[in-house]
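Each chain is listed here by its residues.
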Amino acid sequence: MNETPVTGETSAMPIEMRGVAVGAGEEPDFIVLNDVNWSVAAGEFWVIGAPHHSGKSDLLMTTAGLMPPVGGSYKFYGKKTRIFDESRLADRLRMGIVFEQSQLFHYLTVGESIALPLQYHQNLKEDEAMAAIDDLLHATDLKPLADALPSNLPQNWQKRAGLARALALRPDILLADNPLGALDSRHSRWWRRFLDELSRGHKWLNEKPLTIVATTDDFRPWRGSRLKFALLKEKNFVPLGSWNDLLSSDEPLVKELLTAPVLAVEEEES
Amino acid sequence: MPNAEWKWKRPNEKFFDGAGEPFYFTPSRTLIVRGKLASFFRSEKQWLRRAPLPRTYTDYLGRKLFTVLLTAQGIGAFALITLAVIVRKFNVASAVIHPMTRREIVRAGVRLLPMYLFVAVALGFLAIGQTVAVAARLGAFDYIGTVMVTVIVRELGPLVSAVLALARVGTANVIELGTGRALGSVEALEAAGIDPIHYLVVPKVIGMTLGVFSLTVYLIITALASGYLFVFLQNAPLTPTKYFAELAISLGWQDFVLLAVKSCAFGFFIGIVTCYHGLAQPLRLEDVSRVTVRATTECIFVCVLIDALFFVLYLRA
């Protein structure tokens, strides 16, 4: 049994976890996070920080319904959820996922990759789907690259194409796995600005504010008053609060994630 | 280095080093790794395959038998799931899936025509050449039709078509799907709510089934025609009318039905086995070549089994 309706969808939190245990992606019985208690309200923008291999991606995959929680209760818009099987397709399509490595389809062009979810779920012909995503291609500056294969693109642009694909079906929630990782400063700035626009309500989403959960291994680029922060530490999910709470935190790992690696080494040496 | 006795521990069993730090055993690499990296462990079947060599032949044979049974179970389940998806979702996302299926039919059928022409001509020459040589010695030209039908229509035609399609398209399927699996494309499809079996497997299996069937018919007709060309060049006392009359007499309705079913079964199972190995298990990029070889071997094994089954049916028919 994968779903049990609990409350009305309109009033329910998009994401609500109580005592959730998260398994590792390739070995679900191995628990990477214990007792996650976390609620995300509609329109919130969460940033979850942790070093590599702390379970950020696994938490997102569990949230995305691609991996069942090992224990605890996960409700998506009030419905108890393990994974989104076929009967929950409508729920799955309310969530867009940006993978850390983009994970574009290597045999499709950028335009085809972005159009594919729309084409598949709305049974559109290729030219109709391409016309439907035209605004999205413009919004993400991907229009000139629509005919390129992913292997011919730098990682910066592949990642942006991954974002556009996640937005193609106009989701209510966006999960972004380390979106700023391995980006140059120009692309990082673009992402921050664009995610902020999405969070406030972008034209592509009919001005509806998007609920966003992003992970990171570096808090510094995420400075912003509207954002909520959390930390994964020693298999625990630790909510931190706002940017100001983050700055005043005594937690060493928070300080580490707020410090440029080079500066940290210099401090240690001095 | 791992302690030898640990090799028999189950995957993911926790050990502790001298400092009380946990270790996890990953049989796939016969390494001890820490914490989450232990997740490189994959499936029970792979663990079974890679377990250290047992001490006795009976243990070895037992393990092989279990591996074969587990593989057969996996392929059987995958085939049933694929059939169910073909039936249930035939008209779902038809704007995407039907053009892809047509492309796969072209890929597994039309594009192989030149190669099949060459092989069919060569096969006709070789089969009829040997037959004419023997028939000339024995004065048994009346049996050429029977021999051609038995050799080309019933046995060599379907089997050669299947093996060539496996070599040209089946292996490419494993590599394509395995690379996508290793690079996370399958997760991306699932995240977008796209059924990977529907989107990736169904077009390939239908394409392969129809492709092998069409190519088998093409190969048989070409081989029979080129066979007569060889007879003509040898000045053997066999007129075209007599040659084709003998063929017609030797062919029964069972030959047409069984040929169709057999060639479709070859194509279907080549599609299933190659897609199963490319898609159904977690893969890393370095596993793709190993899995391709394994899929090819299993396809040949499955084709020979199907051939043996049809041999029994031909005997009973």
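The rules behind these values
- Residues numbered from 1 in each chain as written.
- Chains lettered and ligands numbered in written order.
- Predicted model: local features only at pLDDT ≥ 70, side-chain atom pairs only at ≥ 80, totals over all residues.
- Helix = DSSP H or I, 4+ residues; strand = E, 2+ residues; numbered from the N terminus.
- Buried ≥ 20, exposed ≤ 12 C-beta atoms within 10 Å, placed from the backbone.
- Contact = placed C-beta atoms within 7 Å.
- Rg over C-alpha atoms; globule rule 2.2 N^0.38 Å.
- Pairing = 2+ DSSP bridges.
- Right-handed = clockwise from strand over helix to strand, strands pointing away.
- pLDDT = per-residue confidence, 0-100.
- Nonpolar A, V, L, I, M, F, W, Y, C, P; charged D, E, K, R; others polar.
- Axes fitted to C-alpha atoms, helices over the stretch in contact; angles between N-to-C directions.
- Parallel < 35°, antiparallel > 145°, perpendicular 65-115°, else oblique.
- Left-handed = near helix turned anticlockwise from the far one by under 90°.
- Expected span 1.5 Å × (residues − 1).
- Core = buried A, V, L, I, M, F, W, Y, C linked by C-beta atoms within 7 Å.

As for the overall build of chain B
Logical step 1: A tally of regular secondary structure across chain B gives 10 helices and three strands.
Logical step 2: Order of helices (α) and strands (β) in chain B, N terminus to C terminus: β-β-β-α-α-α-α-α-α-α-α-α-α.
Logical step 3: Per-residue burial over chain B gives 38% buried out of 317 residues.
Logical step 4: Within chain B, contacts between residues at least 6 apart in sequence are counted, and of these 79% link residues at least 24 apart.

A word on the overall build of chain A
Logical step 1: When helices and strands are counted, chain A shows 10 helices and 10 strands.
Logical step 2: For a compact globule of 270 residues, the expected C-alpha radius of gyration is about 18 Å, and chain A comes in at 19 Å, within 12% of that figure.
Logical step 3: By its C-alpha atoms, chain A is 60 × 50 × 35 Å across when sized along the principal axes.
Logical step 4: A buried classification covers 40% of the 270 residues belonging to chain A.

Notes on the pairing of strand β8 (residues 211–216) of chain A
Residue and element names in this part refer to chain A.
Logical step 1: Burial analysis of β8 places six of its six residues in the buried class, the great majority of the element.
Logical step 2: Pairing analysis gives four bridges linking strand β7 (residues 173–176) to β8, with the strands arranged parallel. Within β8, the position partnered with Leu174 by the bridge is Ile212.
Logical step 3: A crossover links β7 with its parallel partner β8, the connecting element being helix α7 (residues 185–200), and its sense is right-handed.

Here's the deal with the pairing of strand β1 (residues 15–23) of chain A
Residues and elements named next belong to chain A.
Logical step 1: In the sheet, β1 pairs with strand β2 (residues 31–40) via six bridges, with the strands oriented antiparallel. For Val22, the partnering residue across the bridge sits in β2 and is Leu33.
Logical step 2: As defined by bridge partners, β1 adjoins strand β4 (residues 71–76) across five bridges and the pair is classed as antiparallel. What sits directly across from Arg18, in β4, is Ser73.

Examining the confidence of the model for chain B
Residue and element names in this part refer to chain B.
Logical step 1: Per-residue confidence for chain B gives a mean pLDDT of 81; residues scoring 70 or more make up 82%.
Logical step 2: For chain B, per-element mean pLDDT is lowest for strand β3 (residues 31–34), which scores 29, and highest for helix α3 (residues 94–108), which scores 94.
Logical step 3: Residue range residues 1–42 is modelled with pLDDT below 50. Its contacts to residues more than four positions away, or to other chains, number 65 contacts.

Some thoughts on the interface of chain A and chain B
Logical step 1: The interface is formed by 27 residues belonging to chain A together with 22 residues belonging to chain B.
Logical step 2: The greatest single-element share of the side of chain A that touches chain B, amounting to five residues, is contributed by helix α3 (residues 110–122) of chain A.
Logical step 3: Its residues placed into classes, the side of chain A that touches chain B shows 14 nonpolar, eight polar and five charged.

Brief notes about the packing of helix α4 (residues 113–138) of chain B against helix α5 (residues 144–182) of chain B
Residues and elements named next belong to chain B.
Logical step 1: The interhelical angle for the contact between α4 and α5, taken along N-to-C directions, is 150°, at an axis separation of 11 Å. With respect to each other, α4 and α5 are oriented roughly antiparallel. You can see that α4 and α5 cross each other, and the crossing is right-handed. Contacts between α4 and α5 involve Met115, Tyr116, Val119, Leu123, Ala127, Ile128, Thr131 and Ala135 from the former and Ile144, Val147, Met148, Val151, Ile152, Leu156, Val160 and Leu164 from the latter.
Logical step 2: Of the residues that constitute the contact of α4 with α5, the class distribution is 15 nonpolar, one polar and no charged.

Some remarks on the environment of A:Tyr74
Logical step 1: Within the fold, A:Tyr74 resides in strand β4.
Logical step 2: Through-space distance from the C-alpha of A:Tyr74 to that of A:Gly19 is 8.5 Å; in sequence the pair is 55 residues apart.

Points about helix α2 (residues 57–88) of chain B
Logical step 1: Under the 1.5 Å per step criterion, the end-to-end length of α2(B) is 46 Å for 32 residues, consistent within 8% with the ideal 46 Å.
Logical step 2: Among the 32 residues in α2(B), one count as buried, and that is only a small part of the element.

Re the nonpolar core
Residues and elements named next belong to chain B.
Logical step 1: Counting residues in each nonpolar core, the largest one holds 137 residues, and the members touching the most others are Ala165 and Ile270.
Logical step 2: Among the elements that make up this core, the one with the highest residue count is helix α7 (residues 196–233) (16 residues).
Logical step 3: Residues within four places of Ile270 in sequence aside, it is in contact with Ala162, Ala165, Leu166, Gly170, Met208, Val212 and Cys299.

A word on the packing of α3(B) against α7(B)
Residue and element names in this part refer to chain B.
Logical step 1: Packing of α3 against α7 leaves a shortest axis separation of 8 Å and a crossing angle of 40°. Between α3 and α7, the crossing angle belongs to the class labelled oblique. Here the hand of the crossing between α3 and α7 comes out right-handed. On α7, the residues touching Ile97, Met100, Thr101, Glu104, Ile105, Arg107 and Ala108 of α3 are His198, Val202, Pro203, Lys204, Ile206, Gly207, Met208, Leu210 and Gly211.

Describing the confidence of the model for chain A
Logical step 1: Looking at chain A, pLDDT values average 88 and 91% of them are 70 or higher.
Logical step 2: Low pLDDT (under 50) marks residues 1–10 of chain A, which in the prediction has 20 contacts with non-local residues, meaning those over four places away or in another chain.

Comments concerning unusual backbone geometry
All names here are of chain A.
Logical step 1: Although it is not a glycine, Ser102 adopts a positive phi angle of roughly 65°.
Logical step 2: If you trace the backbone, Ser102 turns up in the loop between β6 (95–98) and α3.
Logical step 3: Exposure remark for Ser102: the 22 C-beta atoms within 10 Å place this residue in the buried category.
Logical step 4: Even without glycine at this site, Asn178 takes up a positive phi of about 45°.
Logical step 5: Counting through the fold element by element, Asn178 comes out in the loop between β7 and α7.

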